[in-house]
Amino acid sequence: MMQLLDKYSTSLYETWTETVSESSQYNLNLPLISRDPATQLISVNFSPQLASLLREVKYLEASQTVAIPETAMQIYTTRGQLLQYVANLELTSGAYNKVMHSVLDVEHPLVLGQLRDIDAQLKNAEESLNWNSEGNLDGNLGLNHFDRCQEERHQTVVILFEWLALPHSEGAAHTLIHSRSHYSVIFPPLGISQYIQEVQNSVCDLESRLQRTKDNVHEIQSCMRSWATPMFNRKEDKKDALLNLEDRAERVESFYSLIRSSGEKIHILIKSNLELFRAEPSTEEWKAYLKYIDDMVIDGFFNSIKHCFKFFLDNTDQRTAGAPLFETELSLKIPDMVFSPSLESGAGDGFFELVESLINDVFRISSLVPRLAQHIPFPHYQADMEDMADLADLRQVLMKRVQGVMETCCEFRSSLHHYSFLYVDDRKKLMRQFLLYGHFLTSEEMEVDGDDEVPESLPALDDFRDEIDKYEKIYEEVHGLEAVHVFHGWMKVDGRIMKSALLNIIKKWSFMFKQHLIDNVTNSLSDLEQFICVTKAGLGQQVKEGDYDGLVDMMGHLLAIKERQKATDAMFEPLQETITLLKVYEQELPDVVYKQLEELPDKWNNVKKQAVSAKQQVAPLQVHEVASLRCKCASFDVEQHTFREDFRRNGPFRFDSKSPFEMLEVFDQQIQEREAVMASLEKSANLFEVHISEFKQLRQCRLEVGMLKKLWDMITMVESSIAEWTTTLWREIQVEEMEQECKRFAKETRCLDKEARAWDAFTGLDSRVKNLLISLRAVAELQNPAIRAHHWDQLMAATGVRFTMDEDTTLADLLSLNLHCFEEDVRGIVDKAVKEMGMEKVLAELNTTWTGMQFQYEPHQRTQVPLLRTDEELIETLEDNQVQLQNLMTSKYIGHFLEEVSSWQTKLSIADSVISIWFEVQRTWTHLESIFIGSDDIRKQLPEDSKRFEGIDTSFKELASELHQTPNVVEATNKPGLFATLEEMQSILSLCEKALAEYLDTKRLAFPRFYFVSSADLLDILSNGTNPHQVQRHLSKLFDNMAKMQFEEDGEGKPTKIALGMYSREDEYVPFNQPCDCTGQVEAWLNRVMDSMRNTVRHEMTEAVITYEEKPREQWLFDYPAQVALTCSQIWWTCDIGMAFIRLEEGYENAMKDYFKKQVTQLNTLISMLVGQLTPGDRQKVMTICTIDVHARDVVAKMIVQKLRHCWGEKEGHCFVNICDANFTYSYEYLGNTPRLVITPLTDRYGGFLLWAFVASEGRHNTIA
């Protein structure tokens, strides 16, 4: 076994020694770097066989049993340098591949240049440099040359085998190099080493810078993640607290500071990336990178704002909201209940605006960071945020919830509006109403003409009790209301302030009635007590004879007791009831009130007794004083009558009174003196109970003085205004303002007392104002711009006043005309001026219109003669203007423009006549010119008329040229003798036209089908009659369905006049059975064409009837034209029906049913053909036959014999059409390949009726067309 192993070992060794040199040299010649063409990643191209070689040499050297090949030993001695190369290249490839893996699309353009430089450096390692290359790139030092000590070699071996024991990876090489870094300088610097180091430095530098840029981007993202927190939160971060708005400014500023600092940091990091990428700020690559970071920042702001919205939306969702987020206070600010903040739409500083401001604060964060991509026009990111649809939707949802809760809160407030009367109504005013009418007036009662219309009624004590109870009940109702409400789960409405204020107001209402009762009790008792003290003292005095003042005092006390005796006697019991009621409402009165209520009734009775005694004591003195008072009154009554007569006689009652205000002042002083005397007498009469005169005369004088003062104030105001107006210049008169002022004067005048209307001063003022109003209306009319100088002359003649009308004319000059006396004259003059102005405007427009109105021309197609073009606008304008002129002639104001209107009427009338007859002549000439001049055939047939037309033709062309040289309509048509010339031409053209019509009638008699075409078409046919190719376009008008014909060609390929066949409008071609000669007169060869058509159809039909049974029907029908196939099908249908009837007579009962089945089979065959491929013509033919077959099948099914039946007469060789006992010969008019409508039973019936009627009127044997 050992020998075998040794033998095997020796064999392996020998094999190894034989191949080691060649394989080692091959592996050493491999490039240093290999690149994956798919991924462009690189790897160290150090062969595993070389690593195996080093391990084997190390083992053999340690065993020292065999000799080591020189090549292997040389490679082994360079293992330290190889290790350094491999380790550095592993680091390089790892860094390069990391760059290629991690670089982003937006970063790649920024490092593309650097990658290209590195790839250029790596190209040597990929292509030219290998493990066997010289150490110096210049070739001065080979890889195998070394000069090292044994110790250094030993250390290198240790390092190499440590590397060989590790996996080949970036980490292994990195670990080895850094753990043994003090051995990295065991070799002197060589060229390849320097190259590998430079490449490594370049790649690692790029990888390091790229990694730092990514770290910066991660730092930016980290900054933006710090934004993703709500800007606002609840107070003290408690879940059941309201939104913290107290430190809103500080919180917003704190959040803004975070954003600003983050923004500054982001800008610094971006600037660092610019340096790390070694990019130019102006390049498109850097702008694209900034756009990438910009979008990242936009996402950061989006997330931040979205988190803020999420906070609001989560806390305003009434399905999930746990506690109120917002709060508003409902308070009472008379006359309204108001929310704070306001919940009214458009309040400006309300809750809606508050939420909007919070949202704006959130959006404003995006404006705090200057935009990174400065090439974008927006300076920051707020516009981007506001344009985002998602954020806009969130904002809309939030604001919709805000509007919804605002509406709900306002509805809640509206539910409290039925308490509004408590704080809106005026308590004092309503208390006055209550005390006066016994209740509060309703709106209907208040709308009645003043309070006087409602009967007064003092309130009873029960009324007070009802009112107090009402407000006490309202108080309890309001007191039971909830003060705090939460709507939609997130809006808290605090109504405690409102509730407290409302309760206080209710108490005030209740207390108002209670206080009135208290005041009534205390005041009534106090007044009575004071009255008793004063009266008792006065009645205790002694009055002596002749003591007038003492007597007056005594009489005054007695009168006072008399006046209040009734009321005082009845006041004590109601007061007691009032006190009892107040006790019910816990309203206590002072003790003095109870004492007064107990003592005052006795004191009052004593005073009444004392008054009786005092009255008896002064009775004698009273009698004497009454007699003296009566004498004074009589004397004063005479004096007041005298004063009244003087006042009526000398007072300022006339409109022409001089110094009226001085007069009124004198009379006012005199009246005051007499009123003082009258007051003294009335007072004495009242004391002594004496009835005296009312002194009406003096009172009337006082009333009239006031009325006169108002009247003269009005007169003075009116006269001063008129004096100011009269100096106004004519062109500056503002009639509307003056008229409004006069109307105001008239209205105020009518508001004066009615008694003043009888005075001359009032009548004068009224007339003055009315006359001025009338005059101002006249002045307004005279300001009409239609007024001319001759109208002013007419006005002066009517008024009889002459003045000069110029720029200095004033309103005073016009008022001097007494225009109020000539209102109708002024109106008539102005109306006339307006009408004349209208006429002037119409004539001016007429002149402008016809000065620019010109004829429009178009050349004649054949002769290029300029012909008038039909101008609808010209004709319409001419007719309208003639009507306008006719209307002007019927006006009574035509005098001033009669001559001009008559001239225009004549011109336009002539123009109308000339234009009308010109178009007639032109139309006739155009119609006849191509006939008499362009057609030699017509000229030969009508020689005299042709010569006559030649003369007219020359004259018309000359006239048309002259008219073309005068384009203006009026000038051209008003030439002398033009109308007569045109009339003469038209009469001659009529003779030519008549002769032509007679000639055409002869042609129609020769070929009757000419009756069915117009004269123009017939003339075209006749003029081209010798050329059948030109007549072809009219064939469809002469024949039912012949569109054109096929002509024989001569040797040169040109068509001759021999017709070979005909085409239908559906382009079906049917060859004539014999050629048709189309030479000679047109009516002659058209008759030959008609005969050929009929003979051809008849010939085709004869053959079709004969060959019907020779082949299948679906093949047979394609051999003949559609009309022939259809008609012959109907002929054979008739024959088959006849045969079926014969067989029925012979006893074959199923004859008709068998034929019905045959029909169905034929119909199904045709239908299957329609599904297949057919030409359009064949398809139409089959469809038409199907339509008829369907009807025929239905007829057989119903056994109806009243149907058109086609049959073929063998003897006559003709097709006949029968219905019942009527018989018609087929006309053979070519019908082409046209479709057929479905034949219904109603269609059959109508056809039968028509044919029977035709038979009855024309006879039984006729030819059907």
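The rules behind the values
- Residues numbered from 1 in each chain as written.
- Predicted model: local features only at pLDDT ≥ 70, side-chain atom pairs only at ≥ 80, totals over all residues.
- Heavy atoms only, no water.
- Patch = residues over 30% accessible without salt bridge, like charges linked within 9 Å, V, L, I, M, F, W, Y side chains within 5 Å.
- Areas by Shrake-Rupley, 256 points an atom, 1.4 Å probe, with all protein chains shown as cover.
- Salt bridge = Lys/Arg side-chain N within 4 Å of Asp/Glu carboxyl O.
- Lys, Arg positive; Asp, Glu negative; His and termini not counted.
- Charge placed at Lys NZ, Arg CZ, Asp CG, Glu CD.
- Helix = DSSP H or I, 4+ residues; strand = E, 2+ residues; numbered from the N terminus.
- Buried < 20%, exposed > 50% of the residue type's maximum accessible area, 1.4 Å probe, protein only.
- Pairing = 2+ DSSP bridges.
- Axes fitted to C-alpha atoms, helices over the stretch in contact; angles between N-to-C directions.
- Contact = heavy atoms within 4.5 Å.
- Expected span 1.5 Å × (residues − 1).
- Polar contact = N/O pair within 3.5 Å; in protein donor to acceptor, adjacent residues only side chain to side chain.
- Phe/Tyr/Trp six-rings, centres within 6.5 Å; stacked < 30°, edge-to-face > 60°.
- Lys NZ or Arg CZ within 6 Å of the ring centre and 35° of its normal.
- Parallel < 35°, antiparallel > 145°, perpendicular 65-115°, else oblique.
- Nonpolar A, V, L, I, M, F, W, Y, C, P; charged D, E, K, R; others polar.

## Looking at a positive patch on the surface
Here is step 1: A cluster of basic residues, Lys747, Arg750, Lys754 and Arg757, forms a positive patch at the surface.
Here is step 2: Checked against the element boundaries, Lys747 lands in helix 25 (residues 735-750).
Here is step 3: The exposure class assigned to Lys747 is exposed, which follows from its relative accessible area of 53%.

## Examining the sheet that holds strand 6 (residues 491-494)
Here is step 1: The strand order across the open sheet built from 4 strands is 4-3-6-5, with neighbouring strands paired in mixed fashion. Each having just a single partner strand, strand 4 (336-340) and strand 5 (484-487) make up the two edges of the open sheet. Strand-to-strand twist of the sheet, defined as the mean angle between neighbouring strand axes without regard to direction, takes the value 25°.
Here is step 2: When strand 5 meets strand 6, the two strands line up antiparallel, connected through 4 bridges. Looking at the pairing, Phe487 lines up with Met491 of strand 6.
Here is step 3: Here helix 18 (residues 496-539) sits on the sheet and contacts strand 3 (326-333), strand 4, strand 5 and strand 6; the angle it forms with strand 3, its principal contact strand, is near 15°.

## Quick word on helix 9 (residues 248-277)
Here is step 1: An ideal rise of 1.5 Å per residue puts 44 Å on 30 residues; helix 9 measures up with 43 Å between its terminal C-alpha atoms.
Here is step 2: Of the residues trailing helix 9, Arg278 is marked for its positive phi of about 55°.

## Quick word on a negative patch on the surface
Here is step 1: Among the surface-exposed residues, Glu872, Glu873, Glu876, Glu879 and Asp880 lie close enough to one another that they form a single negatively charged patch.
Here is step 2: Looking at the element boundaries, Glu873 is found in helix 30 (residues 872-889).
Here is step 3: Classification of Glu873 by relative accessible area gives exposed; the value is 58%.

## Digging into the side chain of Thr78
Here is step 1: By secondary structure assignment, the location of Thr78 is in the loop between helix 3 (70-77) and helix 4 (79-102).
Here is step 2: Overall, Thr78 belongs to the buried group, its relative accessible area being 7%.
Here is step 3: A distance of 2.8 Å separates a polar side-chain atom of Thr78 from the backbone oxygen of Ile75.

## Focus on the environment of Asp390
Here is step 1: By the element assignment, Asp390 lies in helix 13 (residues 389-414).
Here is step 2: Residue classification places Asp390 among the partly exposed positions, given a relative accessible area of 49%.
Here is step 3: A C-alpha to C-alpha distance of 8.9 Å links Asp390 and Lys306, two positions 84 residues apart in sequence.

## Notes on a nonpolar patch on the surface
Here is step 1: On the surface, Met1, Met2, Leu4 and Leu5 cluster together into a nonpolar patch covering about 500 Å² of accessible area.
Here is step 2: With relative accessibility at 58%, the residue Leu4 sits in the exposed group.

## Concerning the packing of aromatic side chains
Here is step 1: Inspection of every chain in the model, using the stated rule, returns 32 aromatic pairs.
Here is step 2: On the numbers, 4.7 Å between centres and 40° between planes, the contact of Tyr1063 with Tyr1069 is tilted.
Here is step 3: Linked through ring pairs, Phe232, Phe311, Phe312, Phe326, Phe351 and Trp490 together constitute an aromatic cluster.
Here is step 4: Seen from the ring of Tyr475, Lys507 lies directly overhead, with NZ or CZ sitting 4.4 Å from the centre.

## Remarks on the packing of helix 1 (residues 2-28) against helix 3
Here is step 1: Here helix 1 crosses helix 3 at 45°, and the two axes come no closer than 8 Å. In terms of axis orientation, helix 1 runs oblique to helix 3. On the side of helix 1, the interface is formed by Trp16, Val20, Ser21, Ser24, Gln25 and Leu28, while helix 3 contributes Thr71, Ala72 and Ile75.
Here is step 2: In terms of residue class, the contact of helix 1 with helix 3 is built from 5 nonpolar, 4 polar and no charged.

## With respect to the pairing of strand 3
Here is step 1: Sheet topology places strand 3 next to strand 6; 4 bridges connect them, and they run parallel. Looking at strand 6, one finds that Glu327 is bridged to Lys492.
Here is step 2: Pairing geometry for strand 3 and strand 4, over 5 bridges, is antiparallel. Note that in strand 4 the partner of Leu332 across the bridge is Met337.
Here is step 3: Here strand 3 folds back onto strand 4 in antiparallel fashion, the turn holding 2 residues.

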